[in-house]
Amino acid sequence: MSSPCVSSIIGTGSYMPEKILTNEELSKIVDTSDEWITTRTGIKERRIAADNQATSDLATAAALRAMESAGVKPEDIDLIVVATVTPDMPFPSTACFVQKNIGASNAVCFDISAACSGFLYALQVARNFLNAGTRSTALVIGAEKLSTLVNWTDRNTCVLFGDGAGAVVIRAVDSATEAPGRVLSTIMGSDGNLVNLLRVPGGGSACPITAENIDSRLNTIHMEGKETFKHAVTRMCQASEKALEMAGLTKEDISLVIPHQANARIITAIADRLDLPHEKAFMNVDKYGNTSAATIPVALDEANRQGRLKRGDIVLLVAFGGGFTWASSVIRW
Ligand code: ACO
């Protein structure tokens, strides 16, 4: 290639497990109701992976669909990055399991841990490889089996999360060409001072798995919901504005926002702060709940397959998650 490389999304895919867990069913497990969950979060149901499905199985199914939509073969893929907080095991990486499953023998593979911002972090890391010219075609996947981290006795958190996977194929293209799906900008941020607000305290080196720790449910998600909510809205708005500015665009240019799907109230708050009509904010949190790193690639794939993305549209992706971490990316479709 004569001109410098840029990165373009050339295919999208997603996979959601078959089993549906409704609010009604949850209200038989904990003291909650469809009415409470719907009004506070917008969630109606979520998907739960089968016992014999690991995160890499969800990731593989999404990856194969993205590869089919991009028209690429396994041997074309030379980088696989999986964003997840529910890896198959501490090591090897979930990305290596995906590599084995799809037969992408030319790929370099690793995982990224940035909670719900993971997919956009992974997109930026992969984009840096492609723009530097050291890799040409990457699979970027967000995949989670959060049902394994949920405390099914805690109504504050168990109603919020679900399982699923989404993927994109990105390719290095000549910057002189007008390739569709071009990633125009990505910004990322983190604030480690707030690690305690959203975390799984047990199961790592700080607090290894013991029978006692499992009895205290330290191996499950702990969240300060109200604080997380406030930071999520502020950081996602700031990140969106910065990513737009970096791309040389304004709010008026946005065709569709695809925000992290954690809570419908967070999504409408972001749309309001960006002065966007609510129809311009993509929402599927009602069907899937919060699938952490998977929400954005799943939503992007749905928007793509529903024909909501037209050539030339400006699409803003924005996420927030544990860490805290946040990120935003602007794509010209
Ligand atoms: N059913 C019924 N009542 C409930 C439930 C439930 N499922 N959960 C909580 N309540 C009760 C609480 O006990 C509380 O009762 P109290 O007043 O008697 O103490 C009451 O409802 C209100 O609880 P709040 O915490 O004030 O509810 P809030 O309106 O803040 O909604 C929620 C809670 C949905 C968790 C919200 O704060 C939220 O969405 N936070 C952000 C989550 C998020 O964005 N996460 C993003 C990242 S996730 C990641 O990185 C993995």
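The rules behind the values
- Residues numbered from 1 in each chain as written.
- Predicted model: local features only at pLDDT ≥ 70, side-chain atom pairs only at ≥ 80, totals over all residues.
- Heavy atoms only, no water.
- Helix = DSSP H or I, 4+ residues; strand = E, 2+ residues; numbered from the N terminus.
- Rg over C-alpha atoms; globule rule 2.2 N^0.38 Å.
- Buried < 20%, exposed > 50% of the residue type's maximum accessible area, 1.4 Å probe, protein only.
- Contact = heavy atoms within 4.5 Å.
- Lys, Arg positive; Asp, Glu negative; His and termini not counted.
- Charge placed at Lys NZ, Arg CZ, Asp CG, Glu CD.
- Phe/Tyr/Trp six-rings, centres within 6.5 Å; stacked < 30°, edge-to-face > 60°.
- Near = heavy atom within 4 Å.
- Polar contact = N/O pair within 3.5 Å; in protein donor to acceptor, adjacent residues only side chain to side chain.
- Areas by Shrake-Rupley, 256 points an atom, 1.4 Å probe, with all protein chains shown as cover.
- Nonpolar A, V, L, I, M, F, W, Y, C, P; charged D, E, K, R; others polar.
- Domains from an automatic or database assignment.
- Axes fitted to C-alpha atoms, helices over the stretch in contact; angles between N-to-C directions.
- Left-handed = near helix turned anticlockwise from the far one by under 90°.
- Expected span 1.5 Å × (residues − 1).
- Salt bridge = Lys/Arg side-chain N within 4 Å of Asp/Glu carboxyl O.
- Buried area = accessible area lost by both parts, 1.4 Å probe.

Concerning the overall build of the protein
Argument step 1. Each helix and strand in the protein was counted, giving 11 helices and 13 strands.
Argument step 2. For 333 residues, the compact-globule estimate of 2.2 N^0.38 gives 20 Å, and the protein sits close to it at 19 Å.
Argument step 3. Based on the C-alpha atoms only, the size of the protein along its principal axes is roughly 60 × 45 × 35 Å.
Argument step 4. Counting over 333 residues, the protein shows a buried share of 56%.
Argument step 5. In the protein, the share of contacts with a sequence separation of at least 24, taken over all contacts with a separation of at least 6, comes to 76%.
Argument step 6. Here the protein carries 31 positive and 36 negative side-chain charges, and the mean point of each set is 2 Å from the other.

Here's the deal with the packing of aromatic side chains
Argument step 1. All chains considered together, the criterion is met by two aromatic pairs.
Argument step 2. On the basis of an interplanar angle of 50° and a centroid distance of 4.7 Å, the ring pair of Phe320 and Phe324 is categorised as tilted.

Regarding the site of the ligand
Argument step 1. Surrounding the ligand, one finds 26 residues, the nearest of these being Thr32, Arg40, Cys116, Lys226 and Asn263.
Argument step 2. A distance of 3.4 Å separates an oxygen atom of the ligand from a polar side-chain atom of Trp36.
Argument step 3. Asn263 places a side-chain nitrogen or oxygen 2.7 Å from an oxygen atom of the ligand.
Argument step 4. When the ligand sits alone it has 1000 Å² of accessible area, and the protein chains cover 77% of it.
Argument step 5. Secondary structure elements with two or more residues in the shell around the ligand: helix H2 (34–41), helix H6 (155–158), helix H8 (225–246), helix H9 (264–273) and strand S12 (314–321).
Argument step 6. Along the lines of polarity and charge, the residues of the shell around the ligand split into 12 nonpolar, nine polar and five charged.
Argument step 7. Two domains share the shell around the ligand, each providing at least three of its residues, namely domain 1 (5–174) and domain 2 (182–332).

Observations regarding the packing of H8 against H9
Argument step 1. Two numbers describe how H8 lies on H9: the axes approach to 10 Å, and their chain directions differ by 35°. Between H8 and H9 the crossing geometry is right-handed. The segment H8 lies against H9, with Phe229, Ala232, Val233, Thr234, Met236 and Cys237 engaging Arg265, Ile266, Ala269, Ile270 and Arg273.
Argument step 2. Classifying every residue of the contact of H8 with H9 by side-chain character gives eight nonpolar, one polar and two charged.

Considering helix H5 (residues 118–131)
Argument step 1. Taking 1.5 Å per residue as the helical rise, H5 with its 14 residues ought to reach 20 Å, and the 20 Å between its terminal C-alpha atoms agrees with that figure.
Argument step 2. The buried fraction of H5 is high, at 10 of 14 residues.
Argument step 3. For H5, the full list of buried residues reads Gly118, Phe119, Leu120, Tyr121, Ala122, Leu123, Gln124, Ala126, Arg127 and Leu130.
Argument step 4. Positive phi shows up at Gly133, right after H5, with a value of about 80°.

Observations regarding the side chain of Asp301
Argument step 1. Relative to the helices and strands, Asp301 resides in helix H11 (residues 295–305).
Argument step 2. Taking relative accessible area as the criterion, Asp301 reaches 2% and is therefore assigned buried.
Argument step 3. Residues contacting Asp301, with those up to four places away along its chain left out, are Thr12, Gly13 and Ser14.

Focus on unusual backbone geometry
Argument step 1. The peptide bond linking Phe91 to Pro92 adopts the cis configuration, its omega dihedral lying at 0°.
Argument step 2. Relative to the helices and strands, Pro92 is located in the loop between strand S4 (79–83) and helix H4 (94–102).
Argument step 3. If you check the backbone angles, Ser292 has positive phi at about 50° while not being a glycine.
Argument step 4. Looking at the secondary structure, you find Ser292 in the loop between helix H10 (285–288) and H11.
Argument step 5. Looking at Ser292, the relative accessible area reads 3%, which means it is buried.

Some thoughts on the pattern of salt bridges
Argument step 1. Taken as a whole, this structure holds seven salt bridges when the rule is applied.
Argument step 2. Lys251 is paired through a salt bridge with Asp275; the nearest N and O atoms lie 3.9 Å apart. In this pair, Lys251 sits in the loop between H8 and strand S11 (256–259) while Asp275 sits in the loop between H9 and H10, placing the two residues 24 residues apart along the sequence.
Argument step 3. The exposure class of Asp275 is exposed, given its relative accessible area of 62%.
Argument step 4. Members of the salt-bridge network, linked through shared partners, are Glu241, Lys251 and Asp275.

Re the domain arrangement of the protein
Argument step 1. By domain assignment, the protein separates into domain 1 (5–174) and domain 2 (182–332).
Argument step 2. Carbon and sulfur atoms supply 63% of the area buried between domain 1 and domain 2, which totals about 3900 Å² over both sides.
Argument step 3. Area buried by domain 1 at its contact with domain 2 is led by Cys116, Leu120 and Tyr121, which between them contribute 17% of it.
Argument step 4. Connecting domain 1 to domain 2 are zero salt bridges.

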